Each structure stands twice: as C-alpha cells, then as structure tokens.
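Analysis of the macromolecular model
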Amino acid sequence: MPASLDLTAAFRATMGRLATGVSVITTRNENNPIGMTASAVASLSMDPLQLIVCIGNHLYTCEAITNSGRFAVNILGEGSEELAMNFAVSKPDKFAGVDFHVEHGVPVLRDAIAYVVCDVAAALPGGDHTIFVGDARHFEHREQARPLLYFAGGFRSMRRAPSAAVPVRTS
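Below, the structure is looked at part by part. A quick note: this is a predicted structure, and the numbers were derived from the prediction, not measured.

**Focus on the pattern of salt bridges**
With the rule as written, the count across this model stands at five salt bridges. Between Arg-70 and Asp-119 there is a salt bridge; the shortest N-O distance is 2.6 Å. Of this pair, Arg-70 sits in strand β6 (residues 70-75) while Asp-119 sits in strand β9 (residues 114-126), and the two are 49 residues apart along the sequence. Residue Asp-119 is classed as buried on the basis of its relative accessible area of 17%. Arg-110 serves as the salt-bridge partner of Asp-99, at 3.2 Å between the closest nitrogen and oxygen. Within this pair, whereas Asp-99 is found in the loop between α3 (81-88) and β7 (100-103), its partner Arg-110 is found in the loop between β8 (106-109) and β9, the two being separated by 11 residues in sequence. Sharing partners across several salt bridges, the network here consists of Arg-70, Asp-119, Asp-135 and Arg-137.

**Thoughts on the side chain of Ser-45**
Counting through the fold element by element, Ser-45 comes out in strand β4 (residues 41-46). The exposure class of Ser-45 is buried, given its relative accessible area of 18%. Among the polar contacts made by the side chain of Ser-45, one reaches the main-chain amide nitrogen of Asp-47 at a distance of 3.1 Å.

**Some points on the pairing of strand β11 (residues 148-151)**
Here strand β1 (residues 20-21) runs beside β11; their pairing, made up of two bridges, is antiparallel. Note on β11: the bridge partner recorded for Thr-20 is Tyr-150. When β11 meets strand β12 (residues 154-157), the two strands line up antiparallel, connected through four bridges. Bridge pairing in β12 places Leu-148 opposite Ser-157. Here β11 folds back onto β12, and the loop between the two strands holds two residues, one of which, Ala-152, carries a positive phi near 50°.

**Focus: the packing of aromatic side chains**
One pass over the full model with this rule turns up three aromatic pairs. With a centroid separation of 5.0 Å and an interplanar angle of 75°, the aromatic rings of Phe-87 and Phe-95 are classed as edge-to-face. Looking at Phe-95, the relative accessible area reads 5%, which means it is buried. Between the aromatic rings of Phe-95 and Phe-100, the centroid separation amounts to 5.0 Å while the plane-to-plane angle is 65°, which identifies the pairing as edge-to-face. Ring-pair connections join several aromatic residues into one group, and the members of that group are Phe-87, Phe-95 and Phe-100.

**Some details on α3**
Looking at α3, one finds that the buried residues are Leu-83, Ala-84, Asn-86 and Phe-87. Burial along α3 is one-sided: seen end-on, the buried residues are contained in an arc of 155°. Looking at the packing, one finds that the buried side of α3 touches β2 (23-29), β3 (32-38), β8, β11 and β12.

**Some points on the sheet that holds β9**
The antiparallel open sheet is built from seven strands, whose spatial order is β3-β2-β6-β9-β10-β5-β4. Pairing within the sheet leaves two strands with one partner each, and these edge strands are β3 and β4. Across the sheet, the axes of successive neighbouring strands diverge by a mean angle of 35°, strand direction being ignored. Summarising the sheet, β6 and β9 pair through six bridges and their orientation is antiparallel. Among the inter-strand pairings, Ile-75 is bridged to a residue of β9, identified as Ala-114. Here helix α2 (residues 60-68) sits on the sheet and contacts β2, β3, β5 (49-56), β6, β9 and β10 (129-141); the angle it forms with β2, its principal contact strand, is near 55°. Each of β2 and β3 touches α3; the most contacted strand, β3, lies at about 110° to it.

Reading guide: rules and limits
- Residues numbered from 1 in each chain as written.
- Predicted model: local features only at pLDDT ≥ 70, side-chain atom pairs only at ≥ 80, totals over all residues.
- Heavy atoms only, no water.
- Salt bridge = Lys/Arg side-chain N within 4 Å of Asp/Glu carboxyl O.
- Helix = DSSP H or I, 4+ residues; strand = E, 2+ residues; numbered from the N terminus.
- Buried < 20%, exposed > 50% of the residue type's maximum accessible area, 1.4 Å probe, protein only.
- Polar contact = N/O pair within 3.5 Å; in protein donor to acceptor, adjacent residues only side chain to side chain.
- Pairing = 2+ DSSP bridges.
- Phe/Tyr/Trp six-rings, centres within 6.5 Å; stacked < 30°, edge-to-face > 60°.
- Arc of directions from axis to C-beta.
- Contact = heavy atoms within 4.5 Å.
- Axes fitted to C-alpha atoms, helices over the stretch in contact; angles between N-to-C directions.

Written out as structure tokens, the structure reads:
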C-alpha cells in the first residue's frame with residue numbers, strides 16, 4: 001500500500017477522535033429536496049451570524065447548494081441514527097418517508113433538535129471539499145434535547161444531561 005494511503009488512514013483515525021455532532025445538510029435542486037449527513041459543521045461568527053459546512057466536491061449536494069444559494073443544517077438528536085444513515089447513503093430519494101417541511105425555501109427535518117437556514121455568503125476551496133460559509137437567516141432549537149454524536153467511526157450519545165454552563169474568565 002502506498003505511503004499516502006497509510007497517511008490518509010492514520011489521519012482519518014486521528015481525526016475520528018474528535019467527537020462531533022451529526023447533522024443533515026439539506027437544500028433544493030429545482031423542486032427536489034436534496035440532503036446528506038455531515039459532521040463537518042461549525043459556528044463561524046456572531047457578527048454577522050455565520051456558520052460553515054464542508055461538503056465533498058464529488059457530492060451532488062455540493063452542486064445543489066452552489067446552484068440554490070441556500071441550505072439548512074439540521075442537527076440530529078439522540079436516537080436519530082436511522083435518520084443519519086438514511087442521508088449518509090447514496091440513493092434516489094432520501095426524503096421518502098421522512099417528515100419535513102419547507103422553511104425559507106429549503107427542506108427542514110421535523111425530527112431535528114435544531115436547525116439553521118442559511119444563505120451562501122461564500123464558497124471557498126478546501127482540498128477535495130468546498131467550504132460553504134452560510135449567513136444564518138432563520139434558526140430554532142429544542143431546549144432539553146440531547147445531540148447525536150459521532151466518535152471513532154460510530155454514533156454515540158451523552159451519558160448524562162449537560163451541567164449548567166460555567167462562565168470562562170479570560171482575564
């Protein structure tokens with residue numbers, strides 16, 4: 001096996017130790033809902049309100065977001081493994097049997113514990129991915145919901161309820 005494949009596997013295993021939330025990125029292509037499971041999502045800015053999503057260039061969702069100029073990040077909660085897997089595989093109609101509504105022109109999953117609808121502010125090259133910067137236009141969340149996590153190649157959940165936030169002093 002070439003050394004580059006060894007490095008790729010080692011890097012993937014190393015980055016797999018970074019626990020992430022599980023989201024479904026949704027958009028529309030003409031009148032068809034499009035979606036995919038993603039973990040490369042992060043808050044970017046509070047002024048303006050922005051987040052980033054990283055989408056593989058080879059994926060149809062990347063082209064659909066580019067064409068539509070809008071997407072939603074649907075954050076999944078505990079017990080949503082089946083929904084995450086539904087959007088993780090390549091198949092003709094990922095939305096068959098999935099409960100969703102259209103919010104600001106994009107599909108939003110009713111089972112999501114939170115969602116953010118974004119307009120694309122920028123699309124930046126990122127190796128074999130495109131980094132979409134999204135201006136947050138509409139967002140909602142459920143107060144007591146707990147997230148579905150992805151760690152070391154599998155889905156996980158939080159073992160206990162999160163404790164109250166503790167302020168961090170910077171000086």
